[in-house]
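Observations on the model geometry
This is what each chain is made of:
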Amino acid sequence: MAGGAAWKDVMRQEGLDDMTLLSKVTNEQIRDNLKERYDNDIIYPKLTLSSQTSISDVLISMNPYKAIPIYSKEIVAEYVGRSRIELPPHIFSIAEESYRSMLNEKENQCIIISGESGAGKTEAAKKIMFYIAEVTGGGNSGGRLEQVKNIILETNPLLEAFGNAKTLRNNNSSRFGKYFELYFNKNGDPDGGLITNYLLEKSRVVFQIPGERNFHVFYQYCVGATQQERNDYGINSAQDFVYLTTGNTLTVEGMDDYQEWNDVRKAMNVIGINANEQASIMQCLAAILWIGNLTYRVAGEKATIADQGTLDFVAYLLSVPVAFLKSALETRQMETKHGANQRGTSYVVPLNEVQALAARDGLAKAIYSKLFDWLVERLNVALKSTSPDYCIGVLDIYGFEVFDNNSFEQLCINYVNEKLQQIFIQFTLKNEQEEYVREGIKWTPIEYFNNKIVCDLIEEKRPPGIFPVLDDVCRSVHAVSDGADKALQQRLSACSENPHFQLRAQNFLVKHYAGDVTYKVAGMVEKNKDQLGKDLIEMVQMSQNPFITGLFPESADSVVNTTAGFKIKTSANALVGALTKCTPHYVRCLKPNDQKLSNVFDGPRVMHQIKYLGLLDNIKVRRSGFAYRTIFKKFIERYFLISGRTSYAGQKTWKGDDISGCRAILEDAPVDKSEWQIGSSKVFLKAPETLFAFEDLRVNYYHNMVSRIKTSYRTFRDHKHKVANRIKNAFRTWKSCREEAIAAIQKAYRAYKGAAPYFDLKMAGEKLVEGKKQRQRYSLTSVRKYFGDYLGMKGQRELLAAMGPGASEPVMFSAKGQAVVHSSILGTPKLSPRFIIVTQNNIYTIMLKVKNNLATHILDRQVPISQINSASMSTQYDNFLVLHVTEDADLIVSTEFKTEMLAWLNQHGSIRNNVTYSDKIKYAKKKGAFKELTFVKDTMHKQAALNPYFKKGKILTSDGMPASSRVKNYEFRKKGAPKARVERPREVVQVRRGNATGILRGTTKAGQGAKNTVNVPGHDDGEAADSYAPAPTPIRGGGQPPGPGGPSRGAAPARGAPARGGPARGGPGGPAPGPTRGAPQRGGPGGPGPARGAPPSGPGGAPRGGPGPSRGAPPPGPGGAPQRGGPGGPPRGAGGPPRGGPAPGGPQRGGPAPGGPPRGRGALPPRP
């Protein structure tokens, strides 16, 4: 393949680029597609998956075990600025996508490279670094930028030499973990970086199994050392050093150690390591090699150095006195202490052969480990960034390992790979499905294996995992290696309850996600100790070489004895925390065979990797899920140009809520409705092509806008006078329609004011209790709106101080209430006042206690919301809410806002609609001890639910609203504000005053089995019914009578006026054939009573009140036409008729004709 175009064409010919498009989704189909592409040297298929806010690819990389010409600068240029569906999958496409996503989304990115040892992870990381260095900077890059790019590229040969080695499965295997964070400025240019290394395999310095080598740098040094270095440091052939020959492998096929050494020395110069520091590095490497040549002479239980000449040369290389070096390698100081502040007695104990060899090897491993950390630190100094804006992290870490003999090193390596697999599951499977459920998206759930149980087996403290057991043995057992191994074998039985662990004689088996691995117990305790003896540290710090003493800055007495297992667990958790803060991209590396042969595809071996990597589950999630999702605000801010309802002339004009704006954009876009869904907080797009279509529409809008601007300018220039006339006409129209606009604004404002801020939350909470619990009248009215923070926590300094660190958490709900407390273990429960505060993470109950004659707020309980898995309430009329806590005593509170509190917890907590209703509630007094609350209805108990009778777990309640009572959704009337209607069972409610009986609105006819009768003394039936009917809303700013000629636009009827087509309640009546149903009429001719809400008449029949027309009533129209709402007659107090009375010159509109009988239901209130 000569160029990028030819390679691109071939990549599109064989197999499928995107394996989510396979016709049949099976492991066999995935394997066959990989083989078809691998046989044609196409090593990069992909899976298209979705992360939390953007589309990501999982790139599948097959190690070809040969050079393929697809990484040239010409191919780099092919991928710059190109969409990932325009070109075939490539490691460059992942690098390009992460880089562009960082710039466009303004978010940090990370590339997680995982796979077995020998699958090509290190090479993939190097290609990503190469691509980023090539595409950034441009032609105007400065000196600092070029320096940073050169350092980024030169980190690879330096770290590979000191951190990589040949293993049975990989000729260039990373024996340490590396997380390289590349920092960028706002322009997207590299501005520095940070390298974090994890768990260098120090044991390789002193031992290698047959077929493996030590770290590359030793062999490169032996081949490439200068003659001066050979003379000064005694460097000979690699076969002359014991540490380099235990694996019986001195060279690697295809690797030139001499050329590699030249690259290492060049990298040292680039990153700024001066000549003196380089000489000290060479001296340390030589010292390590010569330490390995030290041999011991054994006499009984005492081991002494056999070759004095070798000892003298090692002392020369370390610049320490020979006597102190000999003493540190042959003896050990032990001290017995007599008290905390008293110095004990020191003893010099000779070492046996095993202990002496361990001391010798420990010194060599410690020097190399410290030297490696120093190199990483120097790289970080060279890459230091002053103020980075964004970053891309590249994780290159050792792959999963399974050998014939697996020990502590393999356990640590495989543990880290389990953590990485857990991250992959969390981002691509677990979080994906949980988000669909949380957002209410319709899709089919996918079953998958969650390896958290394996991670817990290794790291968890309770029940103890393998690492905690190892640490415990290291702390408590100080015997020789065999005794420590026996103790470990016994204590590992505590892990047997985990189904992924098996104890087998002197070994134990762990069922990892990648397969079963058997580990040897022998030697694990010693390897886990990971500490250098006090004698050796003191000896090294006596060195005359400041570079060597700088490697061991800590004093021997201040060294903290942490274990290797503890360090790797801490580092792995820190790595997981860093990765979860970035948008992830994945490279899953596969091995075609275990023999490192090119053009050999081992089907069963590849199938095993396909299964444990979960590629089948990834494809299923992608095909049934949504490739892209983002929050409403970000979606509308980016794509508002697409819809004419949300933009005009390139400006955002949408004034509504974000979810409605997103819906308008999606409906107006030329996209099928099956390609998108709207969740509770995000927009979901099904296919990546849909997102690219939106991007094209957005880009094309600007091109079209240029033409529209030109056309608009020409139109304005050619039709200037016409535009001026249109403006004048528009202004006149605006003036004439001003009143209509005012009315429309007022109507919209009333609708806005009538809507509750948390209406959706209230309706969701109503579903929890509807039909299950007796209700309070106030909670069902439209007046009752959810507010959340009833205590106003922003101004409650005492309460915030009592919350401690939780004061910074956002408060969702707060109120006063009571809590059930137990004064002692055998004491009876009682109610005690509390402040109840619910944040996003915890529930706090705060009590007020007197200390030193001062009232002090004290934190009573702090309950994590994540531990509340269910709630209980009674079916009676009370305010008790029982919250069941998994790890502590249950929380029982009584508050007026129990339904709102339950709604908040159900929405943000772990209750998930798990609410039970019973009059006998069992609760945990403490963990493991249970008691019972009993709710009893007592008709004699007339106390309100706010002040219940509570004694010894028994609660007496009274009657409340029926459980079937519920709040309907908001309904909009033709006139007036929105209201919430309370639906109640139909029943007859009669109101009596004297001998008159009226039927309330919403009840059945009189005489059809009246159930409830309410006596209202001092009021007539119209006034009693008015307490249930909503009052009409007057026009704001009203009260001015309109001009003659008819009623004003939008005028409401006067209070007490009849509805259109019906008689006035209590209005005038002529001679009637019989008494009207309702109260006797007072005041007017023919015995009419005052209108509803009208004042009683004073002397002479004049109503009380000031001058002016009746409220909301228009003046009489011409010709004696009937007017709605009564007269606009004389002012109040001037002898005019009461409000709602007849208009002079004509009967009241809707009232009875003169001389005619009134309608029979004069006492009924008008229906809205």
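Check the entry above for the structure.
First things first, this report covers the structure right here in the doc. Since we're looking at a predicted model, the values are computed, not measured.

Description of helix α29 (residues 759-769)
- Within α29, eight of the eleven residues are buried, which leaves the element mostly enclosed by the surrounding structure.
- Listing the buried residues of α29 in full gives Phe759, Leu761, Lys762, Met763, Gly765, Glu766, Leu768 and Val769.
- Where α29 is buried, its residues contact β26 (868-873), α31 (898-908), β29 (915-917) and β34 (966-967).
- One or two residues past the end of α29 sits glycine 771, with phi positive at roughly 75°.

So, the pairing of strand β21 (residues 682-685)
- Of the two faces of β21, the one holding Lys682 and Phe684 and the one holding Val683 and Leu685 are both buried throughout.
- When strand β17 (residues 628-631) meets β21, the two strands line up antiparallel, connected through four bridges. Bridged to tyrosine 628 within β21 is leucine 685.
- Where strand β20 (residues 676-678) lies against β21, three bridges are found, and the strand directions are antiparallel. Considered in β21, the bridge of tryptophan 676 is made with leucine 685.
- The loop that links β20 with its antiparallel partner β21 comprises three residues.

Details of the sheet that holds strand β14 (residues 507-512)
- Taken together, the three strands give an open sheet; going across it, the order is β13-β14-β15, and neighbouring strands pair in antiparallel fashion. Pairing within the sheet leaves two strands with one partner each, and these edge strands are β13 (501-504) and β15 (515-520). Sheet twist, expressed as the average angle between the axes of neighbouring strands with direction ignored, equals 20°.
- For β14 and β15, the ladder comprises six bridges, and the chain directions are antiparallel. From the neighbouring strand, histidine 512 faces β15, where its bridge partner is glycine 515.
- Each of β13 and β14 is contacted by helix α15 (residues 452-459), which is oriented at about 150° to β14, the strand it contacts most.

A word on the pairing of strand β22 (residues 811-822)
- Direction of pairing for β22 relative to strand β23 (residues 829-839): antiparallel, over a ladder of eleven bridges. Paired with glutamine 818 across the strands is proline 833, a residue of β23.
- Where β22 lies against strand β28 (residues 891-894), two bridges are found, and the strand directions are antiparallel. When the bridges of β28 are listed, glutamine 818 appears paired with serine 894.

Quick look at the packing of aromatic side chains
- Scanning the model with the defined rule gives 30 aromatic pairs in all.
- Members of the aromatic cluster, connected to one another through ring pairs, are Tyr71, Tyr79, Phe92, Phe130 and Tyr131.
- Over the ring of tyrosine 71 we find lysine 127; its NZ or CZ atom is 4.5 Å from the centre of that ring.
- Here arginine 213 stacks its cationic end above the ring of tyrosine 219, 4.1 Å away from the centre of that ring.

Topic: the pattern of salt bridges
- Summed over all chains, the structure comprises 40 salt bridges.
- For glutamate 107, the salt bridge identified is with lysine 634, shortest N-O distance 3.3 Å. In this pair, glutamate 107 sits in the loop between α4 (91-105) and β3 (109-115) while lysine 634 sits in helix α24 (residues 632-639), placing the two residues 527 residues apart along the sequence.
- Among the residues examined, lysine 634 registers a relative accessible area of 30% and is labelled partly exposed.

Here's the deal with the sheet that holds strand β32 (residues 949-951)
- Taking strand neighbours across the sheet as the criterion, the four strands line up as β30-β31-β33-β32 in an open arrangement whose pairing is mixed. The sheet is open, and its two borders are formed by β30 (920-926) and β32, each paired with just one other strand. The average angle at which neighbouring strand axes cross in this sheet is 20°, direction not considered.
- Sheet topology places β32 next to strand β33 (residues 954-957); three bridges connect them, and they run antiparallel. Following the sheet pairing, tyrosine 949 is matched in β33 by leucine 956.

Cut-off values and rules
Residues numbered from 1 in each chain as written. Predicted model: local features only at pLDDT ≥ 70, side-chain atom pairs only at ≥ 80, totals over all residues. Heavy atoms only, no water. Buried < 20%, exposed > 50% of the residue type's maximum accessible area, 1.4 Å probe, protein only. Helix = DSSP H or I, 4+ residues; strand = E, 2+ residues; numbered from the N terminus. Contact = heavy atoms within 4.5 Å. Pairing = 2+ DSSP bridges. Axes fitted to C-alpha atoms, helices over the stretch in contact; angles between N-to-C directions. Phe/Tyr/Trp six-rings, centres within 6.5 Å; stacked < 30°, edge-to-face > 60°. Lys NZ or Arg CZ within 6 Å of the ring centre and 35° of its normal. Salt bridge = Lys/Arg side-chain N within 4 Å of Asp/Glu carboxyl O.

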